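What follows is each chain in one-letter form.
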Amino acid sequence: MQRRSRQERGAQVMVSKYSVVGQRHPRLDGRQKATGRSEFSDDVYLPGMLHGKIVRSSIPRGRIVNIDTSRAEQLPGVKAVITHKDTGGLMPGPDTVLLCDEMVNYFGDEVAAVAAVDEDTAAEAAELIKVEYEPMTPLFSMKEAMAEGVPPIHNYIEDNCADDISMAFGDVDKAFSESEHIRTDEYVIHPSHSSFAEHHVVVADYSLPEKLTVWTPVQSSAIIQMSLAQNFGLSSSNVRIMNLNTGGAFCGRGSERPHHYIAAILSRKTAKPVKIICTADEEFIIYRGGGKYNFTFKTGVMKDGRLKAIEADLLHDCGPYVETQFIMLRFTGFQLQMLYKVEASKFTGKLVYTNNPPYFFHHGAGLVAMRFAFGAQLDAIAKDLGIDPVEIRLKNAVDKGYTTLSEMHFASCGLKECIQKTVKKSGWKKKHGKLPPYRGIGIGCGVLRAGGKGMFDHDTSAVFIKIDEDGKVSLVTGLPDMGQGSHTAMAIIAAESLGITPEDIKVIAGDTDITPFDAGAISQRGTFTTGNAVKNACSDVKKQLGKTAATEMGVKPSELVFKDGKIFSKGKPEKAILFEDAVYNTLHSSEGRFVMGRGFYNPPTEGVSGGDYKGNPALAYSFGAQIAEVEVDPETGIVKLLNMTVAHDVGRAINPMAVEGQLDGQVFSGMGQTLFEECIMENGRVLNPSLLDYKLPRPFEVPGIEHIIVETNDPYGPFGAKEVGQGPIQCTSQAIANAVSNAIGHHIKELPITPERVLEAIRQKNKNQ
């Protein structure tokens, strides 16, 4: 009988028909991580390496009148000082000037940089650089930035709209006109930080003119490699990205940042490697976390709860520079019609330039905010109509075989099963509407794609496999592991394919000079896309070994089975050869073949194209449901999260232990974004720029978590698997917020739900009674 995962929490997984897939496996790098042997970018020390520091703007907006670097240049131990004139006009982003030349646009904007023999000397030199500014009126709120007649932050555009989008599917006006109940609400989500365990750091070696090597934590080596190569005029093969281990990403390490370019330029100027590591304060300046969201939702339904139309408008503060935040606008527009069956949807969104720090989005691909807002409104609509929040979700939930208004197709879908199992496990029917005062229960649901087209014309992952003569396997991949266990998952997929154990496999990654192309750990694509590439590489290996084994056993290669460390005939299992013997015999044959396999995978989808935004960008989509129970202290406003019941449709659990870890981590992150995490802003500055003051959940505040792993066996995933990378967190915030609303009897419309906001909500409820 399969051991139940975390018996005290009752996780559920179907019994696997496989030998390795579906079994519980510890991380292959667990011992190295636990004993401190794993190497991170800050552990890199190269001969002659210098240390860099960046001089940052002390005002949120103004003209640069003069930069005096003379005292810094005269300081003993200083090897280089650079300003904009040393950058060759390089621009890391469409409107980002590397080292400001005329204007600074936020508190912390990069102005100059130094390299010195040690970090203390570099810091002292940075302090000696004097910058004279002519302050200008900054714009901190989206309302004032978008006001008519306000001078734009960038003089090459007419206003402060960085990007805008309008996306509609179906006849929205008709659907609203036929609706029997229409509700409109506004929601606000405040800025937040991604709270990496590992600070931003880079070591750049540009001491040779035609070869740039960079050590840095990233989600995609391919993206940063191509960007650096393009901006420095190098071929991509002459830019080497070394991604040793990545101490968390949470959507915050998807592309290059100014410090990568600055370190490279300092290295080129000094002909020595240069390291730049950000201080804790700098982390809250350059972090590119979640900006402020202002959502307006208008939803039309029938009296029985059936959805007719959803219309949403979003203003998002992107700070003074736009990078790839436009992705979030498009993701949000698509999401409106992905989770529930609806006749029409419309989305309008704008990225707004301000003089706040540059924002990207926090953990959850920017969709946690949208899911909170619509999930909260759906609960309010259910209350208006006198319908149970669970029933309105089940009535409208998508299912297997459904095609959305934008032509996304769900080949597998366990949404209803997730809802039903969380309801049963949590005891929803015994609790909803029956709990004592200031106790509440709430539900949240979500959907997310597993990879797909968008960042590139393709979504390719490629994998090499080589097998030494003792049968030990090296799996070479460009997919980074940021703590989520992707490398262990790849080893499990390879082990199942080849009939060996994960311990027989060594994963080699993190070096673009060695590893094949992989688009990276973005868009929840690792397990699905790279996992399929691993399977294809293993198929190549099996063809080579099968030829040897079939000859020795006198059977056809098509009859062979790879399992339990052996290769045997399907019809005659007594005819078998050990896996390692087949490898040895293949090498020591007259052909002398050293076994190497190669495989790649690019989902055969067309993606989304054209002005109508229609198409199917991915083959697989994951679904989830979560139920939260909370207790609110009406005297202090403190919310205690008592329990979370978490179900996620993963297709198939490659490693149930890792799935549980992902669920736990996303509940932790989701409750943080919902109850605690906020960058408190004043005049463009973060007032709580340290993890002492920026509130995160403490271990004793994390609730008991009941895991329910739903397996729908996706026809396109490796062994049926889909994503569990950021899908679960789509459900967490709305579940907790709805539970708080249920506890206090007032519709929560703002995140995070701090004690002050809870007390204000209670006052408003009492005032309206």
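Summarised in this report is the structure supplied together with it. (Residues numbered from 1 in each chain as written. Predicted model: local features only at pLDDT ≥ 70, side-chain atom pairs only at ≥ 80, totals over all residues. Heavy atoms only, no water.)

In this section: the overall build of the chain. The helix and strand inventory of the chain stands at 19 helices and 31 strands. The C-alpha radius of gyration computed for the chain amounts to 27 Å, which stays within 12% of the reference 27 Å derived for 769 residues, consistent with globular compactness. Expressed along its principal axes, the backbone C-alpha trace of the chain runs to roughly 85 × 75 × 50 Å. Out of the 769 residues belonging to the chain, those deemed buried represent 60%. When the accessible surface of the chain is split by element, carbon and sulfur atoms take 50% of a total near 29,700 Å². Side chains of the chain carry 83 positive and 93 negative charges; the gap between the two charge centres is 7 Å. (Helix = DSSP H or I, 4+ residues; strand = E, 2+ residues; numbered from the N terminus. Rg over C-alpha atoms; globule rule 2.2 N^0.38 Å. Buried < 20%, exposed > 50% of the residue type's maximum accessible area, 1.4 Å probe, protein only. Areas by Shrake-Rupley, 256 points an atom, 1.4 Å probe, with all protein chains shown as cover. Lys, Arg positive; Asp, Glu negative; His and termini not counted. Charge placed at Lys NZ, Arg CZ, Asp CG, Glu CD.)

By the bridge criterion, 4 bridges tie strand 20 (residues 560–563) to strand 21 (residues 566–569) in an arrangement that is antiparallel. Each residue of the ladder has a partner; that of K563, found in strand 21, is K566. The loop that links strand 20 with its antiparallel partner strand 21 comprises 2 residues; one of these, D564, has a positive phi angle of about 55 degrees. Alignment of strand 21 against strand 22 (residues 576–578), held across 3 bridges, turns out to be antiparallel. Note that in strand 22 the partner of I567 across the bridge is I577. The antiparallel pairing of strand 21 with strand 22 creates a hairpin that spans 6 residues between the two strands. (Pairing = 2+ DSSP bridges.)

This brings us to the packing of helix 10 (residues 367–385) against helix 11 (residues 389–396). Put simply, helix 10 and helix 11 touch, their axes get as near as 9 Å, and they point 110 degrees apart. Here helix 10 lies roughly perpendicular to helix 11, going by the angle between them. Between helix 10, through G375, L378, D379, I381 and A382, and helix 11, the contact on the second element is made entirely by P389, I392 and R393. Residue classes in the contact of helix 10 with helix 11 are distributed as 5 nonpolar, 1 polar and 2 charged. (Axes fitted to C-alpha atoms, helices over the stretch in contact; angles between N-to-C directions. Parallel < 35°, antiparallel > 145°, perpendicular 65-115°, else oblique. Contact = heavy atoms within 4.5 Å. Nonpolar A, V, L, I, M, F, W, Y, C, P; charged D, E, K, R; others polar.)

Judged by nonpolar contacts, the single largest core of 100 residues is most densely connected at F295 and F297. Counting residues in each nonpolar core, the second largest holds 46 residues, with I467, I492, V555 and F719 among its members. (Core = buried A, V, L, I, M, F, W, Y, C linked by side-chain atoms within 4.5 Å.)

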